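Residue strings, one per chain:
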Amino acid sequence: MEVYWYVFYVDGQYPWHASKTRHVDRRYLKALGATIDASGFHGALVATGAGGGWDPWVISSTLAAHTERMRFLIAVHPSLLSPTLLAKQALTFDHLSGGRLDINIVNGHAGLGAAGVHLQHDERYAHGAEYLDVYRRVIGGAPGPIDFQGKYLDIRGGQPVGKPIQSPYPPIWIGGSSDVAMDLAVAHGDVYASWAEPLDKHAAHIAAFRSAAAKKGRKVQTAMTVHVVVRDTEAQAWAEVDTMLKYADQSAVDALQRGLRAGQSVGQERASSLHGGRLPKHARDLEISPNVWAGYGLLRVGSSITLVGTPQQVAARLIEYHDAGVDKFILSHHPLPEEALRIADDLLPLLPLSPVDPQREAAERTARTFNNQLNGVGVRT
Ligand SMILES: Cc1cc2nc3c(=O)[nH]c(=O)nc-3n(C[C@H](O)[C@H](O)[C@H](O)COP(=O)(O)O)c2cc1C
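Undergrad: For the site of the ligand, give the residues involved together with the corresponding values.
TA: Neighbouring residues of the ligand: 24 residues in total, closest T48, G108, H121, Y125 and S178. Interatomic distance of 2.9 Å between a side-chain N/O atom of H77 and an oxygen atom of the ligand. Between S177 and the ligand, the recorded distance is 2.8 Å, taken from a backbone N or O atom to an oxygen atom. Isolated, the ligand exposes 620 Å² of accessible area, and the fraction of that covered by the protein chains is 94%.

Right under this line is the structure:
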């Protein structure tokens, strides 16, 4: 099992409420990176908004310079970046980070219209397939010049960019829950990533994906994003979820849900169907099975599922998903640095983790320096 954490430029204790966000800057992100680097995490997902916000390549480049072993799973919207430029960026980042790049291909939602992309859901994935065809040739050592004529892309005289450190190229993850997302992952992915669903549904989803991959003779690993609230006692963990809800109000929930409904995302529809769009009186009203809360989608885009409980309980739930076929996990909870430390201390030692890369000692030295500085921003020590 591999566990990734989460890096984002919006953070705070309850970042869906303006009074509980934090100022995030270079020093803050360096501290977050150092924490991830020093622990049992394999790396972090560095997400991107479809519209505005900070760029994940720039964030990752900054953190790569201050870390030794964490991997960077960088989100890429194919419709926002040419495949030849992606190959150049990936080659450069892979070399300068010492082979620590994973690419996360996300095909986004209707919000891409703000960036001038008006492709419909299935077209975005069809475009993504052509895109990866070109990208893999440009970065994978195909002899040039590379010509490609498709429905969306017309490449003439493309130049191979040279050899990345990782062979044949940095792993390609494909995110999404729809059938076309699975098709794209079967055709082009090294890892297929989807948002957590209730265990039985997730297990069926992974089984369907594996069988589709096997029919094409492909072995593709699977990954799942899930939110985690871990405290020493179960009562404390649920109290934290109740507090999360105190910083939400129904009008903000309604506005978020309206935006999500317009987004043409199968994964999002499934996530939203679990909570019905109304803030519950008590957090546990949305506990759909032991330690599984379906209310996170009221607050944020993405999966609604949150695992809630003691370290032992949350570890047991994660191991059930692992047994159902999930190879890699992307976990998160805010504030990201403090919760990364908590999860590293309390949860990771209970999980059957695959070994991490060997430069750990140097990473720990760097992290000790940053953790000392972190006291200044109130990080748990
Ligand atoms: C692991 C994972 C990470 C994602 N990261 C991003 C992201 O950084 N930015 C973004 O706009 N969408 C992100 N998405 C959402 C996808 O772009 C897409 O909207 C979503 O998966 C729905 O696709 P579907 O209709 O195939 O289910 C992510 C999805 C997954 C599964």
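Undergrad: Just give me the short version of the pattern of salt bridges, but keep the residues and values in it.
TA: Scanning the model with the defined rule gives 12 salt bridges in all. When the shortest N-O distance is used, the salt bridge between R231 and E240 registers 3.5 Å. Overall, E240 belongs to the buried group, its relative accessible area being 8%. Linked through salt bridges whose partners overlap, the residues forming this network are R231, E240, E339 and R342.

Undergrad: Residues and numbers for the environment of A239, please.
TA: Here A239 shows up in helix 7 (residues 234–246). When the C-alpha atoms of A239 and R284 are compared, they prove to be 9.7 Å apart, with 45 residues separating the residues in sequence.

Undergrad: Before we move on, can you summarise the packing of helix 1 (residues 26–38) against helix 2 (residues 56–64) with the specific residues and values?
TA: In a pair of packed helices, the angle between the axes and the distance between the axes together describe the arrangement. Where helix 1 contacts helix 2, the axes come no closer than 9 Å and their chain directions differ by 65°. Judged by the angle between their axes, helix 1 and helix 2 are roughly perpendicular. Between helix 1 and helix 2 lies a crossing whose hand is right-handed. In this structure, helix 1 contributes R26, L29, K30 and G33 to the contact, and helix 2 contributes I59, T62 and L63. Residues of the contact of helix 1 with helix 2, tallied by class, amount to three nonpolar, two polar and two charged.

Undergrad: Can you tell me about unusual backbone geometry, naming the residues and giving the values?
TA: Of all residues except glycine, most have a negative phi; of all peptide bonds, most are trans. In this structure, P145 follows G144 across a cis peptide bond, with omega equal to -10°. Looking at the secondary structure, you find P145 in the loop between helix 4 (121–139) and strand 5 (146–149). Backbone torsion omega between S167 and P168 reads -5°, so that peptide bond is classified as cis. Turning to its location among the elements, P168 is positioned in the loop between strand 6 (154–158) and strand 7 (172–175). One non-glycine residue, N291, lies in positive phi territory at about 70°. The topology assignment puts N291 in the loop between strand 10 (287–289) and strand 11 (292–293).

Undergrad: Tell me about the side chain of S303, and name the residues and values.
TA: Its place among the elements puts S303 in the loop between strand 11 and strand 12 (306–309). A relative accessible area of 8% places S303 in the buried class. Within the structure, S303 has its side chain in polar contact with the backbone oxygen of A196 (distance 2.9 Å). One polar contact links the side chain of S303 to the main-chain amide nitrogen of I305, over a distance of 3.0 Å. Apart from the residues lying within four places of it in its own chain, the contact partners of S303 are W195, A196, T225, A271, Y296 and G297.

The rules behind these values
- Residues numbered from 1 in each chain as written.
- Predicted model: local features only at pLDDT ≥ 70, side-chain atom pairs only at ≥ 80, totals over all residues.
- Heavy atoms only, no water.
- Near = heavy atom within 4 Å.
- Polar contact = N/O pair within 3.5 Å; in protein donor to acceptor, adjacent residues only side chain to side chain.
- Areas by Shrake-Rupley, 256 points an atom, 1.4 Å probe, with all protein chains shown as cover.
- Salt bridge = Lys/Arg side-chain N within 4 Å of Asp/Glu carboxyl O.
- Buried < 20%, exposed > 50% of the residue type's maximum accessible area, 1.4 Å probe, protein only.
- Helix = DSSP H or I, 4+ residues; strand = E, 2+ residues; numbered from the N terminus.
- Axes fitted to C-alpha atoms, helices over the stretch in contact; angles between N-to-C directions.
- Parallel < 35°, antiparallel > 145°, perpendicular 65-115°, else oblique.
- Left-handed = near helix turned anticlockwise from the far one by under 90°.
- Contact = heavy atoms within 4.5 Å.
- Nonpolar A, V, L, I, M, F, W, Y, C, P; charged D, E, K, R; others polar.

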